[in-house]
Amino acid sequence: MTPPRGRTWGRRGHTPVVRVRGRSRRRTSVAALCCYKPGEKSRLIHRPRTHLLLKGARKSFSWKDYRDLLVRAHIQLGGPIVVVWDNLNTHLATGLKRYEAEHDWLTTVRLPPYAPDLNPVEAVWSLVRRAMANTAFDTPDDLDRKLRRELRRIQLQPRLIDGCLTATGLTINPPTPPRKPQETAAHERR
């Protein structure tokens, strides 16, 4: 529930202070996929999850949660998926690797060990944080509502998702089919 900080207009020398409650018994985690395909609109598929902070309870996504996100993306996109993972320890879990190996519609590529600048989802989180700066939430439900609203706003603007890819410096190039030997010979004669 600790709000992100941002700049504000205030009188010089008088720092605005907003009191917020410091602790909550809930934590919200979000996993997201930026989906790109040449010739089609970019898409953002996300899954928020609320965790109760009980003794011994998990405080983040498990590999099964990521598996479920991939299954949902496969259903929504209707085709094979190439996932570019960062090196989060949950992405490297044995169960998730086994699942990847068992399904031919799923291809996995790993980013270098520490390369958040190559991950378009990091730019999505930057957009969400910027929209939530200087906001004090009364309840965890207010935080969840605002988070879902911001993710939905990004989903409805594919240009924002395209901008997240552009920020990485990476591009999507459709694979070029190999030339047939006859085409090569005809091309050389011209």
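Because the structure is predicted, anything quoted here is derived from the model rather than measured.

Draft legend 1. Fine view of helix α4 (residues 140-155). Along its 16 residues, α4 runs 23 Å from first to last C-alpha, staying within 8% of the 22 Å computed at 1.5 Å per residue. All of the buried residues along α4 are Pro140, Leu143, Asp144, Lys146, Leu147, Glu150, Leu151 and Ile154. End-on view of α4: buried residues confined to an arc of 165°, all on one side of the axis. Those residues of α4 hidden inside the fold are in contact with β1 (26-35), β2 (43-52), α3 (120-132) and α5 (158-168).

Draft legend 2. A look at the packing of aromatic side chains. Tallied over the full model, the rule gives three aromatic pairs. Between the aromatic rings of Tyr66 and Trp85, the centroid separation amounts to 5.8 Å while the plane-to-plane angle is 90°, which identifies the pairing as edge-to-face. Here the residue Tyr66 occupies a position in helix α1 (residues 63-77), and Trp85 occupies one in strand β3 (residues 81-85), the gap between them amounting to 19 residues. Across the pair, Trp85 and Tyr66 agree in class, each one buried. For the pair Tyr99 and Trp105, a centre-to-centre distance of 6.4 Å together with 75° between the ring planes defines the contact as edge-to-face. By relative accessible area, Trp105 is classed as buried at 14%.

Draft legend 3. A look at a nonpolar patch on the surface. A surface patch of nonpolar side chains, amounting to about 250 Å² of accessible area, comprises Val82, Val84 and Val109. Looking at where Val84 falls in the secondary structure, it is placed in strand β3. The exposure class of Val84 is partly exposed, given its relative accessible area of 48%.

Reading guide: rules and limits
Residues numbered from 1 in each chain as written. Predicted model: local features only at pLDDT ≥ 70, side-chain atom pairs only at ≥ 80, totals over all residues. Heavy atoms only, no water. Helix = DSSP H or I, 4+ residues; strand = E, 2+ residues; numbered from the N terminus. Expected span 1.5 Å × (residues − 1). Buried < 20%, exposed > 50% of the residue type's maximum accessible area, 1.4 Å probe, protein only. Arc of directions from axis to C-beta. Contact = heavy atoms within 4.5 Å. Phe/Tyr/Trp six-rings, centres within 6.5 Å; stacked < 30°, edge-to-face > 60°. Patch = residues over 30% accessible without salt bridge, like charges linked within 9 Å, V, L, I, M, F, W, Y side chains within 5 Å. Areas by Shrake-Rupley, 256 points an atom, 1.4 Å probe, with all protein chains shown as cover. Salt bridge = Lys/Arg side-chain N within 4 Å of Asp/Glu carboxyl O.

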